Amino acid sequence: MIFTPELRHPVRTLGNRTIDFDRRIAVMAIVNRTPDSFYDRGATFALDRAVDAALLAAEQGADWVDIGGAKFAPGPEISATEELDRVLPVVQAVAAASDVVISVDTFRADVAAACLAAGAHVVNDTTALSDPEMAAAVADSPSRGSLVLTHSLAEPRKPYPSPWYDDVVTSVRAFLEERIDRALAAGIGDDRLFIDPGHDLNKNTLHSLELTRRMDEITSIGLPTLAAVSNKDFIGESLGAPKSERREGSLVAATVCAMLGARVVRMHDVPASVSAMRMLEAVLGFREPVEAVHNV
């Protein structure tokens, strides 16, 4: 099945890049300045490694890099000052060296505001406005920053055991629509909003699989949808695979989401993901082949 959503504002200008999400499936690379990130376990915690990883991702074809300083999963409290010390210099360095789209993965309004002022283009809020000041921080940003609203239920860095839903897709959609209304009321136009159903965030494997197969019910909201599926536990549990062996499963999950209307995929393996999405764009008729000489 292929579903092409009718997007309210498909053409977005993010910094110096303009992306037509009617014709492009953007690849978002992941750069974490955390010593305890669930996948890379601190491989890019050092400042120079984080900056190098972001710039390499851009060279490898990523449209977007997502920079985080505090993981979503439960863990020790990280102060706003420490989080900002982690992410701000990466944002500044990448913005000075590349025109790649930059997002900061944060739930804190003050961190978001500082990073938007320093060159970030998007705030990726995995708690969808849990900070009551976040909407205003984005709405009032001089750069007219954009915002990703992600479905989750837990308080930041707090456990949420055994999540339960009558119907996970219906619940996620209702949550996202309410948060969209909240953002609009704060003055963030829907031309500045993205949505993310939050695979694995306060969801079990069956929930995340259901969201994947019914992604069209989320993308039909009409805002560009982010699928953050890379190496997540629903893939590992579906395949019986450790984190180091989830690459193929991640590519399949991202491709299914994109075929059902997702227009940004958040991925660890940038070269493979770029090739997969460019191929899918060709199959869907979004782009012409680089060359077409076979049997001509």
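Please refer to the structure higher up on the page.
Cut-offs used in this document
- Residues numbered from 1 in each chain as written.
- Predicted model: local features only at pLDDT ≥ 70, side-chain atom pairs only at ≥ 80, totals over all residues.
- Heavy atoms only, no water.
- Phe/Tyr/Trp six-rings, centres within 6.5 Å; stacked < 30°, edge-to-face > 60°.
- Helix = DSSP H or I, 4+ residues; strand = E, 2+ residues; numbered from the N terminus.
- Buried < 20%, exposed > 50% of the residue type's maximum accessible area, 1.4 Å probe, protein only.
- Lys NZ or Arg CZ within 6 Å of the ring centre and 35° of its normal.
- Pairing = 2+ DSSP bridges.
- Contact = heavy atoms within 4.5 Å.
- Axes fitted to C-alpha atoms, helices over the stretch in contact; angles between N-to-C directions.
- Parallel < 35°, antiparallel > 145°, perpendicular 65-115°, else oblique.
- Nonpolar A, V, L, I, M, F, W, Y, C, P; charged D, E, K, R; others polar.
- Salt bridge = Lys/Arg side-chain N within 4 Å of Asp/Glu carboxyl O.
- Right-handed = clockwise from strand over helix to strand, strands pointing away.

K.L.:
Before we move on, can you summarise the packing of aromatic side chains with the specific residues and values?
P.N.:
One pass over the structure, following the stated rule, counts two aromatic pairs. Relative to F194, the ring of F21 lies with its centre 5.7 Å away and its plane at 85°, an arrangement referred to as edge-to-face. Here the residue F21 occupies a position in the loop between β2 (17-20) and β3 (26-32), and F194 occupies one in strand β8 (residues 193-196), the gap between them amounting to 173 residues. Summarising the aromatic geometry, the rings of W64 and F194 are spaced 5.3 Å apart at their centres and angled 75° between planes, so their arrangement reads as edge-to-face. Of this pair, W64 sits in strand β4 (residues 64-68) while F194 sits in strand β8, and the two are 130 residues apart along the sequence. Residue F194 is classed as buried on the basis of its relative accessible area of 0%. Among the aromatic residues, ring-to-ring pairing joins F21, W64 and F194 into one connected group. Positioned above the aromatic ring of F194 is the side chain of R12, whose terminal nitrogen or guanidinium carbon lies 4.9 Å from the ring centre.

K.L.:
Can you tell me about the sheet that holds strand β9 (residues 226-227), naming the residues and giving the values?
P.N.:
Ordered in space as β8-β7-β6-β5-β4-β3-β10-β9, the eight strands form an open sheet in which the pairing is parallel. Strands at the two margins of the open sheet, each flanked by one partner only, are β8 and β9. Pairing between β4 and strand β5 (residues 101-105): five bridges, direction parallel. Looking at the pairing, G68 lines up with D105 of β5. Most of the contacts of helix α1 (residues 47-59) go to β3, to which it runs at about 170°, and overall it touches β3 and β4.

K.L.:
Let's hear about the packing of helix α5 (residues 168-185) against helix α6 (residues 205-213): which residues, and what values?
P.N.:
If you want to describe how two helices pack, look at the angle between their axes and the distance between the axes. Interaxial distance between α5 and α6 falls to 9 Å at its minimum, and their mutual angle equals 70°. Judged by the inter-axis angle, α5 sits roughly perpendicular to α6. Residues V168, V169 and V172 of α5 pack against H207, E210 and L211 of α6. When its residues are assigned to classes, the contact of α5 with α6 shows four nonpolar, one polar and one charged.

K.L.:
Explain the environment of L88 to me, using residue names and the numbers behind them.
P.N.:
Considering the arrangement of structural elements, one finds L88 in helix α2 (residues 80-97). Residues L88 and I67 lie 21 residues apart in sequence; the distance between their C-alpha atoms is 9.2 Å. Excluding its chain neighbours within four sequence positions, the residues that come into contact with L88 are A114, C115 and A118.

K.L.:
Give me the lowdown on the pattern of salt bridges, citing residues and values where you can.
P.N.:
Counting across every chain of the model gives 19 salt bridges. Among the ionic pairs, R24 bridges to D63, the shortest N-O distance being 2.8 Å. Linking R24 in the loop between β2 and β3 with D63 in the loop between α1 and β4, this pair joins segments that are 39 residues apart in sequence. Using a relative accessible area of 5% as the deciding quantity, one classes D63 as buried. For D167, the salt bridge is made with R214, and the minimal N-O distance between the two is 3.3 Å. Separated by 47 residues along the polypeptide, D167 in the loop between β7 (146-150) and α5 and R214 in the loop between α6 and α7 (216-219) bring together distant segments of the chain. Accessibility expressed as a relative area gives 26% for D167, which makes it partly exposed. One network of salt bridges, with partners in common, ties together D167, E210, R213, R214 and E217.

K.L.:
Give me the lowdown on the environment of A137, citing residues and values where you can.
P.N.:
Tracing the backbone shows A137 in helix α4 (residues 134-139). Those residues in contact with A137, other than ones at most four positions away along the chain, are A109, A113 and L116.

K.L.:
Any details on the pairing of β3? Residues and values, ideally.
P.N.:
Remember that side chains alternate between the two faces of the sheet whenever the strand is regular. Taking burial as the measure, the seven residues of β3 include seven buried ones, the bulk of the element. Alternating positions in β3 separate into two faces, A26, M28, I30 and N32 on one and V27, A29 and V31 on the other, with burial throughout. Alignment of β3 against strand β10 (residues 264-267), held across four bridges, turns out to be parallel. Each bridged residue has a counterpart across the sheet, and for M28 the counterpart in β10 is R266. As paired strands, β3 and β4 are joined by five bridges and run parallel to one another. Bridge pairing in β4 links A29 to V65.

K.L.:
Any details on the pairing of β7? Residues and values, ideally.
P.N.:
Counted residue by residue, β7 has five buried out of five residues, so it is predominantly covered. In the sheet, strand β6 (residues 122-125) pairs with β7 via four bridges, with the strands oriented parallel. Along β7, the bridge assignment pairs N124 with V148. A crossover links β6 with its parallel partner β7, the connecting element being α4, and its sense is right-handed.

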